[in-house]
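Take a look at the letters that make up each chain.
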Amino acid sequence: MVLKGIWGLLIILSVSSSWVGTTQIVKITYKNFYCPFFMTWFSTNWNIMFFPVYYSGHLATAQEKQSPMKKFRECSRIFGEDGLTLKLFLKRTAPFSILWTLTNYLYLLALKKLTATDVSALFCCNKAFVFLLSWIVLKDRFMGVRIVAAIMAITGIVMMAYADNFHADSIVGVAFAVGSASTSALYKVLFKMFLGSANFGEAAHFVSTLGFFNLIFISFTPVILYFTKVEHWSSFAALPWGCLCGMAGLWLAFNILVNVGVVLTYPILISIGTVLSVPGNAAVDLLKQEVIFNVVRLAATIIICIGFLLMLLPEEWDEITLRFINSLKEKKSEEHMDDVTDPSVHLRGRGRANGTVSIPLA
């Protein structure tokens, strides 16, 4: 437990830092280069490296090492007993690839309209949307506390739009960020519905497959945007390759850390690392003097973060709380009984020492 706790602390810091770094690099890139779909496509292609990174870890840590093809076939069981076929590649990967691209694209669009702090706070609403979709689609257990959390998330969204007096850019930015959170939630719910739970190797295989699908089937989109001058640049040499590679590398690191963290430590700590990106981005924005926290914006951010943390409560949180309270009561009553019985024992001992028997009152 201590080891998992130490790993958890390291994972929390790493997850939070990688997400803050990704968001801030995007903001820096926008100063000279604004092509959000190309940036989304470019960073998604880096997902191809997820499985090679996983296999390198397997070679470094496993006692019984497997060949790359054998490990690949073993991990491809996430698609079914027959493994990855062309039909399943198109059928299962296409919808998830589209949702992945939409999530990241809308997130980047929101960063153009809002500060990094606002976007990262609004993206935390995806936990509330996951609960609502799971409750409706997957018939998950109803939990009153999570309904409260969902209401808090919606309240925070409205307050975030109100923070800039419902300015046009602010409303559009909030819509983009909420759209990104919604598609992220839909991705997670559909993944659970069609593919179930996945171990680290299966997750690495699936994310790498998304990267291949993105490279093969979605590459035509940035080409069309380039020639229609929607997203245009003078030459490939003029592209900010340093910022693009930094953004894609940190995005890949974030996805790897999220999946590694589930194996090495407690899943709840991964979620805490994600929500800590909000104060992390706020600190950077304040240092860069890019955000002025008025009362409404600060309250909206805090409400969304509290709603996010309420979503992390386990399903049996009420039973666990009652057991904890009862155990405290039992412990207190035992201590009280000890306090009552101790003087009588002392009295009895004294009486015997004097040759008399002392009988305590009931």
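Residues numbered from 1 in each chain as written. Predicted model: local features only at pLDDT ≥ 70, side-chain atom pairs only at ≥ 80, totals over all residues. Heavy atoms only, no water.

### Structural notes on the overall build of the chain
Here is step 1 of the chain: Scanning the chain for helices and strands turns up 16 helices and 0 strands.
Here is step 2 of the chain: Out of the 362 residues belonging to the chain, those deemed buried represent 45%.
Here is step 3 of the chain: Taking all contacts inside the chain whose residues are at least 6 apart in sequence as the whole, residues at least 24 apart take part in 82%.
Here is step 4 of the chain: When the accessible surface of the chain is totalled, it reaches about 19,400 Å², and 68% of it is carbon and sulfur. (Helix = DSSP H or I, 4+ residues; strand = E, 2+ residues; numbered from the N terminus. Buried < 20%, exposed > 50% of the residue type's maximum accessible area, 1.4 Å probe, protein only. Contact = heavy atoms within 4.5 Å. Areas by Shrake-Rupley, 256 points an atom, 1.4 Å probe, with all protein chains shown as cover.)

### A word on empty space enclosed by the protein
Here is step 1 of the chain: Applying the stated criterion across every chain yields a total of 1 cavity of 30 Å³ or more.
Here is step 2 of the chain: In this structure, the largest cavity occupies an estimated 50 Å³ of space.
Here is step 3 of the chain: As for the largest cavity, its lining consists of Ser43, Thr44, Asn47, Trp100, Asn104, Ala248, Trp251, Leu252 and Asn255.
Here is step 4 of the chain: Looking at the lining of the largest cavity, its residues break down into 4 nonpolar, 5 polar and no charged. (1 Å grid on protein atoms, 1.4 Å probe; cavity = no way out; pocket = protein on both sides within 12 Å on 5 of 7 lines; lining within 4 Å. Points joined across faces, edges and corners; volume = space filled by probe spheres on them. Nonpolar A, V, L, I, M, F, W, Y, C, P; charged D, E, K, R; others polar.)

### Structural notes on the packing of aromatic side chains
Here is step 1 of the chain: What the rule picks out here adds up to 32 aromatic pairs.
Here is step 2 of the chain: Judged by centre distance (5.8 Å) and plane angle (35 degrees), the ring pair of phenylalanine 38 and tryptophan 41 falls under tilted. Pair noted here: phenylalanine 38 and tryptophan 41 are both in helix α2 (residues 36-45), with a separation of 3 residues, about one helical turn.
Here is step 3 of the chain: Each ring, one from tyrosine 187 and one from phenylalanine 191, has its centre 6.4 Å from the other, and the planes form 25 degrees; the classification is stacked. (Phe/Tyr/Trp six-rings, centres within 6.5 Å; stacked < 30°, edge-to-face > 60°.)

### With respect to the layout of surface pockets
Here is step 1 of the chain: Computed from the structure, the largest pocket encloses a volume of approximately 1,800 Å³.
Here is step 2 of the chain: Contributing to the lining of the largest pocket are 47 residues, with Lys127, Lys188, Val258, Val262 and Ser271 lying nearest its centre.
Here is step 3 of the chain: Every element with two or more residues in the lining of the largest pocket is listed here: α5 (86-113), α7 (126-137), α9 (168-194), α10 (200-217), α12 (241-264), α13 (267-275) and α15 (295-311).
Here is step 4 of the chain: Take the lining of the largest pocket: its biggest share by element is 7 residues, from α12.
Here is step 5 of the chain: Taken together, the residues of the lining of the largest pocket sort by class into 28 nonpolar, 12 polar and 7 charged.
Here is step 6 of the chain: Residue lining of the second largest pocket: Val53, Tyr54, Gly57, His58, Thr61, Ala62, Lys71, Phe200, Ile256, Val260, Val263 and Leu264, and that is the complete set.
Here is step 7 of the chain: Of all the elements in the fold, those that place two or more residues in the lining of the second largest pocket are α3 (50-61) and α12.

### Focus on a nonpolar patch on the surface
Here is step 1 of the chain: On the surface, a nonpolar cluster with roughly 570 Å² of combined accessible area is contributed by Leu86, Leu90, Phe212, Leu215, Ile216 and Phe217.
Here is step 2 of the chain: Where the nonpolar patch is concerned, the elements lending two or more residues are α5 and α10.
Here is step 3 of the chain: The residue isoleucine 216 is located in helix α10 in this model. (Patch = residues over 30% accessible without salt bridge, like charges linked within 9 Å, V, L, I, M, F, W, Y side chains within 5 Å. Salt bridge = Lys/Arg side-chain N within 4 Å of Asp/Glu carboxyl O.)

### Re the side chain of threonine 93
Here is step 1 of the chain: Residue position: threonine 93 is located in helix α5.
Here is step 2 of the chain: In this view, threonine 93 contacts Phe79, Leu88, Thr209, Leu210 and Phe213; residues no more than four positions away in its chain are not counted.

### Examining the side chain of lysine 27
Here is step 1 of the chain: Mapped onto the elements of the fold, lysine 27 is located in helix α1 (residues 2-29).
Here is step 2 of the chain: Take lysine 27: its relative accessible area is 15%, and that puts it in the buried class.
Here is step 3 of the chain: A polar contact is formed between the side chain of lysine 27 and the backbone oxygen of leucine 111, at a distance of 2.7 Å. (Polar contact = N/O pair within 3.5 Å; in protein donor to acceptor, adjacent residues only side chain to side chain.)

### Re the packing of α5 against α9
Here is step 1 of the chain: The geometry of α5 relative to α9 is characterised by a closest axis approach of 8 Å and an angle of 155 degrees between their N-to-C directions. For the element pair α5 / α9, the angle class is roughly antiparallel. Pair α5 / α9 crosses with left-handed handedness.
Here is step 2 of the chain: Across the contact of α5 with α9, the residue classes tally to 16 nonpolar, 6 polar and 3 charged. (Axes fitted to C-alpha atoms, helices over the stretch in contact; angles between N-to-C directions. Parallel < 35°, antiparallel > 145°, perpendicular 65-115°, else oblique. Left-handed = near helix turned anticlockwise from the far one by under 90°.)

### Overview of the nonpolar core
Here is step 1 of the chain: Formed by 63 residues in total, the largest nonpolar core has its most connected members in Phe33, Phe38, Met39, Leu111, Leu122, Val174 and Leu244.
Here is step 2 of the chain: Those residues in contact with phenylalanine 38 that sit more than four places away from it in its chain are Phe33, Pro222, Glu231, Trp233, Leu239 and Leu244. (Core = buried A, V, L, I, M, F, W, Y, C linked by side-chain atoms within 4.5 Å.)

### Some details on the pattern of salt bridges
Here is step 1 of the chain: Taken as a whole and assessed by the stated rule, the structure comprises 1 salt bridge.
Here is step 2 of the chain: Here glutamate 74 makes a salt bridge to lysine 71, at a shortest N to O gap of 3.3 Å. Taken together, the residues span about one helical turn, with glutamate 74 and lysine 71 both in helix α4 (residues 68-75) at a distance of 3 residues.
Here is step 3 of the chain: The buried category is assigned to lysine 71, whose relative accessible area is 7%.

### As for α5
Here is step 1 of the chain: Between its first and last C-alpha, α5 extends 40 Å over 28 residues, near the 40 Å set by a 1.5 Å rise per residue.
Here is step 2 of the chain: Threonine 93 marks the point of greatest bend in α5, at about 35 degrees, and the proline proline 95 comes within the next four residues. (Expected span 1.5 Å × (residues − 1). Bend = angle between axes of the 7 residues up to and from the residue.)

### Points about the environment of alanine 248
Here is step 1 of the chain: Summarising the element assignment, alanine 248 is placed in helix α12.
Here is step 2 of the chain: Separated by 201 residues in sequence, alanine 248 and asparagine 47 place their C-alpha atoms 8.9 Å apart.

### Observations concerning the confidence of the model for the chain
Atomic detail in the predicted coordinates should be set aside for any region of low pLDDT.
Here is step 1 of the chain: Confidence along the chain averages 83 in pLDDT terms, with 89% of residues attaining 70 or more.
Here is step 2 of the chain: Put simply, helix α16 (residues 317-353) is where the chain has its lowest mean pLDDT, 63, and α2 is where it has its highest, 96.
Here is step 3 of the chain: The low-confidence segment residues 344-362 (pLDDT under 50) makes 6 contacts with residues lying over four places distant or belonging to another chain. (pLDDT = per-residue confidence, 0-100.)

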